[in-house]
Amino acid sequence: MVDGTPDEREWVDPPESFVAQANVTAADRDAFRAAGWPECWRRAADLLEWDRGFDAVLDGGASAGTDDEGSIRWFPGGRLNAAHNCVDRHVEAGRGDETAVAWEGKLGETRTYTYRELHDEVNAFAAALRELGVGEGDVVTLYLPMIPELPVAMLACARIGAPHSVVFAGFSADALATRLSGAESEFLVTCDGYYRRGAALDLKRRADNACVSVSHSVEQVVVNRLDDGRPAGDCHAYADLVDDHAGATVEPVARESDDLLFLIYTSGTTGEPTLVRHTTGGYLTHVAWTSHAVLDLGPDDTHWCSADVGWITGHSYAVYGPLALGATTVLYEGTPDHPETDRLWEIIERNDVDVFYTAPTSIRAFMKWGEEHPARHDLSSLRLLGSVGEPIDETAWHWYRDHVGDGDCPVVDTWWQTETGGIVLSTLPGADRMRPGAVGKSLPGVETAVVDETGRHADDGEAGQLVVTRPWPGMARSLCEESGWGARRTRRVDGEWQYATGDNAVRDADGYLHLLGRADDVVKVSDRRLSTAEIESAIVGVEGVAEAAVVVGADDEAAHRSEIHAFVSPESNVAGDDALRERVGRAVEEAIGSIAVPDVVTFAPSLPKTRSGKVVRRYLAAIANGEELGDTSALRNPEVVGELESLLDR
Ligand code: WTA
């Protein structure tokens, strides 16, 4: 427990050999800070090539520290193109033969794209998209698994100024339809399935179902990996389009700094997915700088961020960040335990990966599988390890460093969110001491605080909500435009601008932050962000269900993820039986996808509620995890807790 006394906690220093080669040393960090906020971000923006220099670093009320609630704009007046920054400029610098993307397929096959090859395919596909009618500002939905065509398509969109909206390939037809509609996207790029042969048509069928269920018309559909090379029905084959436009050159569109680069949906606190929009200049600056300063990447590095590109982590640190810096990015289509539990270590060894960035849920799985698996491989290419997505506890931190990092790689725990675009809390591996179990401080140029409900700053050792108190370049555009607490999540407290992250945290006496989990109804299952409200709304839509509450339980070893536990109360004349259980599972699979299907469904006569009628999920989570409940006397129906415990036999 963090109580503000520093003496018993451990410090780990980064090895001198790492510090000596680091992109950002303590002196660099201090110089960045000394430039002052927001001017310091000018240095970060220098990592990019701008077609037109910006007139100011930041524009908007928040920059003046006044009560003005006007909108915030990063790098106003600046123009740039993300595809030029991630591809062309590296080719122009004579690095065309170096590897941009190293892809590892599910079935053991590999493919690499040099920067020149990436350039050529991005140009060909950009030309094809234009011919299909995609113009600047049109949203292109990309519903693709982890194949190289996904970053190619993202960059092709960026090249012509068409914001992309990547939809995780594990989502259902309904989830895709919601995202197509929400973005009014008339263009869809998908593929026929995950496998070349066999039951490969699944993704395309889901895409077709989504297209017919949206109210607007999806004008053009591009399909990759058709078995017979020809599109079935009214769509275009990706390979044909790229062949037809081979050799085409499309001039990158110079975008205004705060023009949209992409949209991404995430799980918020409501039953509906939340749309988050990211800008070109601010976002790209933020991910390039954090890739440089936190992930210590440069053009000679091979980086592997194991997150799916369908989530923000993959956008920022598998695609835009590493490519903006001219590094090699590894993309892996498969799972960590197939064909063997040493698959990841084999990929790191074969690709000489320098920096590996993964989630604690995976690290916990590696620990269970045993240290002999990484030990069988030569992982000496690794220089730095990163963690993201959930708190990493001290045991996992040490295991990761000892057994993957050979005891001397720095480990950076990085905290951020879809809304922040890129990392905002972390140590800088070349400058800061590490504290296992703590994420570190705010990055230079970012300011955060822990506050109580009224927005008052908490004392060290006192838990509260983590807020960001100054704008940062990677902030979602939605946050730039909005003010007011509640759904919009920014407010002013005594003149201080605050963005509520939804996470609880506590700061120790050394200023290091410890994350305590979400304060709202967003849950992390593996490294995926889901909303309990979204799952519940699918369940209560099932005939015969009166009420439902969803909580996250312990890690499920076999599934390598935390269990989703649904407490369902059927209508009075309906039996809580296997048939209803199956209907519940199917409803969630249809509404969201199999990733959200509850692992455990417990039928309950009623759910524990406060006197005002609010379901107390805290008790349900404790019941699901077999933990002590404490005092339940504030409940309107305390007896239900005992009933639930006996149902679960705990
Ligand atoms: C959680 C993923 C503790 C947090 C980048 C946040 C973390 C949510 C950490 C965002 C970390 C992310 N320590 N918790 N290092 N990193 N989180 O939008 O609850 O998928 O609010 O972004 O993940 O999830 P999202």
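Residues numbered from 1 in each chain as written. Predicted model: local features only at pLDDT ≥ 70, side-chain atom pairs only at ≥ 80, totals over all residues. Heavy atoms only, no water.

- The name an unreviewed UniProt entry assigns to the chain is acetate--CoA ligase, from the organism Halorussus gelatinilyticus.
- A UniProt comment under Sequence similarities (unreviewed entry) is attached to the chain, and it reads "Belongs to the ATP-dependent AMP-binding enzyme family." (UniProt positions renumbered as here; feature names shortened; annotations may be inferred.)

### So, the overall build of the chain
Okay, so step 1: Secondary structure summary: the chain contains 21 helices and 30 strands in total.
Okay, so step 2: Relative to its length of 650 residues, the chain is compact, with a C-alpha radius of gyration of 24 Å against a globular reference of 26 Å.
Okay, so step 3: For the chain, with 650 residues in total, the buried portion stands at 62%.
Okay, so step 4: In the chain, the proportion of contacts linking residues at least 24 apart, taken out of those at least 6 apart, comes to 71%.
Okay, so step 5: About 24400 Å² of surface is accessible on the chain, with carbon and sulfur atoms providing 45% of the total.
Okay, so step 6: The centroid of the 58 positive side-chain charges in the chain is displaced by 3 Å from the centroid of its 110 negative side-chain charges. (Helix = DSSP H or I, 4+ residues; strand = E, 2+ residues; numbered from the N terminus. Rg over C-alpha atoms; globule rule 2.2 N^0.38 Å. Buried < 20%, exposed > 50% of the residue type's maximum accessible area, 1.4 Å probe, protein only. Contact = heavy atoms within 4.5 Å. Areas by Shrake-Rupley, 256 points an atom, 1.4 Å probe, with all protein chains shown as cover. Lys, Arg positive; Asp, Glu negative; His and termini not counted. Charge placed at Lys NZ, Arg CZ, Asp CG, Glu CD.)

### A few points about the state of the cysteines
Okay, so step 1: Per the counting criterion, the structure on display carries zero disulfides.
Okay, so step 2: Between cysteine 305, a free cysteine, and cysteine 86, which holds the nearest cysteine sulfur, the sulfur-to-sulfur gap is 14 Å. (Disulfide = S-S within 2.5 Å.)

### Overview of the sheet that holds strand 14 (residues 302-305)
Okay, so step 1: The seven strands lie next to each other as 5-4-15-14-16-17-18, forming an open sheet whose pairing is mixed. A single partner strand is all that each edge strand has here, and the edge strands are strand 5 (110-114) and strand 18 (411-414). On average, adjacent strands in this sheet sit at an angle of 20 degrees to one another, irrespective of strand direction.
Okay, so step 2: Here strand 4 (residues 99-104) runs beside strand 15 (residues 328-332); their pairing, made up of four bridges, is parallel. Among the inter-strand pairings, valine 101 is bridged to a residue of strand 15, identified as threonine 329.
Okay, so step 3: Packing of helix 16 (residues 394-404) onto the sheet brings it into contact with strand 16 (355-358), strand 17 (384-388) and strand 18, and relative to strand 17 it is tilted by some 150 degrees. (Pairing = 2+ DSSP bridges. Axes fitted to C-alpha atoms, helices over the stretch in contact; angles between N-to-C directions.)

### Considerations on the site of the ligand
Okay, so step 1: Close contacts around the ligand come from 17 residues, with Thr414, Thr418, Asp503, Arg518 and Arg529 the closest.
Okay, so step 2: Look at the ligand: alone it shows 530 Å² of surface, and the protein chains cover 96% of it.
Okay, so step 3: Breaking the shell around the ligand down by element, the ones donating at least two residues are helix 12 (312-324), strand 18 and strand 25 (513-518).
Okay, so step 4: Looking at the shell around the ligand residue by residue, the classes come out as six nonpolar, five polar and six charged. (Near = heavy atom within 4 Å. Nonpolar A, V, L, I, M, F, W, Y, C, P; charged D, E, K, R; others polar.)

### Describing the packing of helix 11 (residues 281-293) against helix 12
Okay, so step 1: With their axes 8 Å apart at the nearest point, helix 11 and helix 12 run at an angle of 85 degrees to one another. When the axis of helix 11 is compared with that of helix 12, the two are roughly perpendicular. Contact with helix 11, carried on its side by Tyr283, Leu284, Val287, Ala288, Thr290 and Ser291, involves His315, Ser316, Tyr317, Tyr320, Gly321, Pro322 and Ala324 of helix 12 and no other residues of that element.
Okay, so step 2: Each residue belonging to the contact of helix 11 with helix 12 can be placed in one class, and the counts come to eight nonpolar, five polar and no charged. (Parallel < 35°, antiparallel > 145°, perpendicular 65-115°, else oblique.)

### Notes on helix 11
Okay, so step 1: Over its 13 residues, helix 11 runs 18 Å from end to end, which matches the ideal 18 Å to within 8%, given 1.5 Å per residue.
Okay, so step 2: Within helix 11, 13 of the 13 residues are buried, which leaves the element mostly enclosed by the surrounding structure. (Expected span 1.5 Å × (residues − 1).)

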